[in-house]
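# Summary of structural features
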Amino acid sequence: MGEMIVDGIDMFRVPRVMPEDVVVIDAFPLNPIPERLDPVKADLLGELALAQASFSGRRIACILAGENKGYGGHVIERSPIDIEDPFMMALAKVPEGADLYGILVTGEGSMKEKHVLPSGAAYDAIAPRLLPGSPIVILPPNRTDVCRFIPESRHQTAYSPKPASVFEGQTVMEIYSEAMRNTYLSMEDCMFVAHLRLAGFKNNIHYFLTGSGNGLSGPSVAIRPGMYSDLDIIAISDRDSAEVEAEFESVAEACYGALEKVPKLVHVAGSDRQVEGCIYTNLESGISIDFFVSKRIEDAFVRSESLERNYFHQLS
């Protein structure tokens, strides 16, 4: 029997590359859909059939569960920037004063599980109607045989805005300890963060740690707390972007070895904005880093609500 790592427990550090003798337990595992949900599952799939996503290819649908009926919504993309939110469509159908017992979501197309969850704005609009204990039930994209229950205690915490987090350590070990306390990162990645903060001061670059490894909030943290597959780093500087990338590469390769660099272009959903960046990988170490450089922080975040809700750590 291998070592057991329990997802979401702070005392454990989950490495990016799992040893063969390690068993990972999902905090909110996928299970067969209970028979009691068969009627609402049918409604959910009916909404999904109505979804229109000609531009993104991500068809998303939801049901807001009332006492005796569900209120459905589905995405409609009229253009890349004119998109009807499925959750707000469903909420508009809920009678005034009616309580909700949960949210069911699913999707179809090329997407991650987190992409079917509501945005922060949609969640904030729905949350006051949810009764205590109401879960979010996810049918993973392109699957209809299993579901994942996210309890209220988790989705409420994950979606709540957070106080601004700015690292304060002045030495490698001080910053390393700070990263260990405040993120989900492995020990190796915490050490990288420590060196990156010091390099940022030296080279006049403001580095930010975002994404599921930050340990704060967001859809991916709601689904699988404690787990992450890559690092998401943003660099803000008035310097030339090529110079900033070179400085970053120097620190990253000192920690992880030679890295392969591939350009990345992300279209920001619901807008005509695109964010240019790159992905650094090293197959031997298992590292993958999404890296974006900008002169303004507002232009660097792929998800604007991550900036608005402080779902990040400012490293330098």
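The model shown is predicted, which means the values in this text are computed figures rather than measured ones.

Cut-offs applied
Residues numbered from 1 in each chain as written. Predicted model: local features only at pLDDT ≥ 70, side-chain atom pairs only at ≥ 80, totals over all residues. Heavy atoms only, no water. Salt bridge = Lys/Arg side-chain N within 4 Å of Asp/Glu carboxyl O. Helix = DSSP H or I, 4+ residues; strand = E, 2+ residues; numbered from the N terminus. Buried < 20%, exposed > 50% of the residue type's maximum accessible area, 1.4 Å probe, protein only. Axes fitted to C-alpha atoms, helices over the stretch in contact; angles between N-to-C directions. Parallel < 35°, antiparallel > 145°, perpendicular 65-115°, else oblique. Left-handed = near helix turned anticlockwise from the far one by under 90°. Contact = heavy atoms within 4.5 Å. Phe/Tyr/Trp six-rings, centres within 6.5 Å; stacked < 30°, edge-to-face > 60°. 1 Å grid on protein atoms, 1.4 Å probe; cavity = no way out; pocket = protein on both sides within 12 Å on 5 of 7 lines; lining within 4 Å. Points joined across faces, edges and corners; volume = space filled by probe spheres on them. Expected span 1.5 Å × (residues − 1). Arc of directions from axis to C-beta. Polar contact = N/O pair within 3.5 Å; in protein donor to acceptor, adjacent residues only side chain to side chain. Pairing = 2+ DSSP bridges.

Per the counting criterion, the structure on display carries 14 salt bridges. Between Glu108 and Arg59 there is a salt bridge, with the nearest N and O atoms lying 2.2 Å from each other. Residue Glu108 is found in strand β8 (residues 102-108), and its partner Arg59 is found in strand β4 (residues 59-65); the two are separated by 49 residues along the sequence. Residue class for Glu108 comes out partly exposed when judged on its relative accessible area of 35%. Of the charged contacts, one joins Asp124 and Arg309 as a salt bridge, the two residues approaching to 2.4 Å between their closest N and O atoms. Here Arg309 lies in the loop between α9 (304-308) and β16 (313-314) and Asp124 lies in helix α3 (residues 120-126), a separation of 185 residues in the sequence.

Turning our attention to the packing of helix α6 (residues 187-203) against helix α8 (residues 241-256). α8 packs onto α6 with a crossing angle of 150° between their chain directions and a minimal axis gap of 10 Å. Looking at the two axes, α6 sits roughly antiparallel to α8. Once α6 is placed against α8, the crossing between them reads as right-handed. Residues Glu188, Asp189, Phe192, His195, Leu196, Ala199 and Asn203 of α6 form the contact with α8, whose participating residues are Glu247, Phe248, Val251, Ala252, Cys255 and Tyr256.

Turning our attention to the packing of aromatic side chains. Describing an aromatic ring pair means giving the distance of the ring centres and the angle of the ring planes. Considering all chains together, one arrives at 9 aromatic pairs under this definition. Taken together, a centroid distance of 5.1 Å and an interplanar angle of 55° make the contact between Phe192 and Tyr256 tilted. Here Phe192, found in helix α6, pairs with Tyr256, found in helix α8; they are 64 residues apart in sequence, far enough to count as distant. Residue Phe192 shares its accessibility class with Tyr256, and that shared class is buried.

Another aspect to go through is the layout of surface pockets. By volume, the second largest pocket is sized at about 260 Å³. Surrounding the second largest pocket, 16 residues form its lining, Leu37, Val40, Ala65, Tyr101 and Leu104 being those nearest its centre. The set of elements that each furnish at least two residues to the lining of the second largest pocket consists of α1 (38-50) and β8. For the lining of the second largest pocket, the element with the most residues is β8, which contributes 3 residues.

What follows is about α8. If you check α8, its first and last C-alpha atoms are 22 Å apart, about what 16 residues at 1.5 Å a residue would give, namely 22 Å. When we look at burial in α8, the residues that qualify are Val244, Glu245, Phe248, Val251, Ala252 and Tyr256. Considered in projection along α8, the buried side chains sweep an arc of 130° and stay on one side of the axis. Elements in contact with the buried residues of α8: α6, β11 (206-210), β12 (231-236), β13 (260-267), β14 (274-282) and β15 (287-294). Where α8 starts, the residue carrying a side-chain oxygen 3.0 Å from the main-chain nitrogen of Ala242 turns out to be Asp240. Of the residues trailing α8, Gly257 is marked for its positive phi of about 90°.

Now for the environment of Arg148. Here Arg148 shows up in strand β10 (residues 146-150). Here the alpha-carbon distance between Arg148 and Val221, two residues 73 residues apart in the chain, equals 14 Å. Setting aside residues no more than four positions away along its own chain, Arg148 makes contact with Asp26, Phe28, Pro29, Leu30, Glu113, Ile136, Val137, Ile138, Ile223 and Arg224. Only 2.7 Å separates the side chain of Arg148 from the side chain of Glu113, close enough to count as a polar contact.

Reading across the sheet, the 6 strands line up as β13-β14-β15-β12-β11-β16 and stay open at both edges, with mixed pairing between neighbours. Bordering the open sheet on either side are β13 and β16, each of which pairs with just one other strand. As defined by bridge partners, β11 adjoins β16 across 2 bridges and the pair is classed as antiparallel. Within β16, the position partnered with Leu209 by the bridge is His313. Sitting on the sheet, α6 is in contact with β11, β12 and β15, with an inclination near 5° to β12. Contacts from α8 reach β11, β12, β13, β14 and β15, with the element oriented near 160° to β15.

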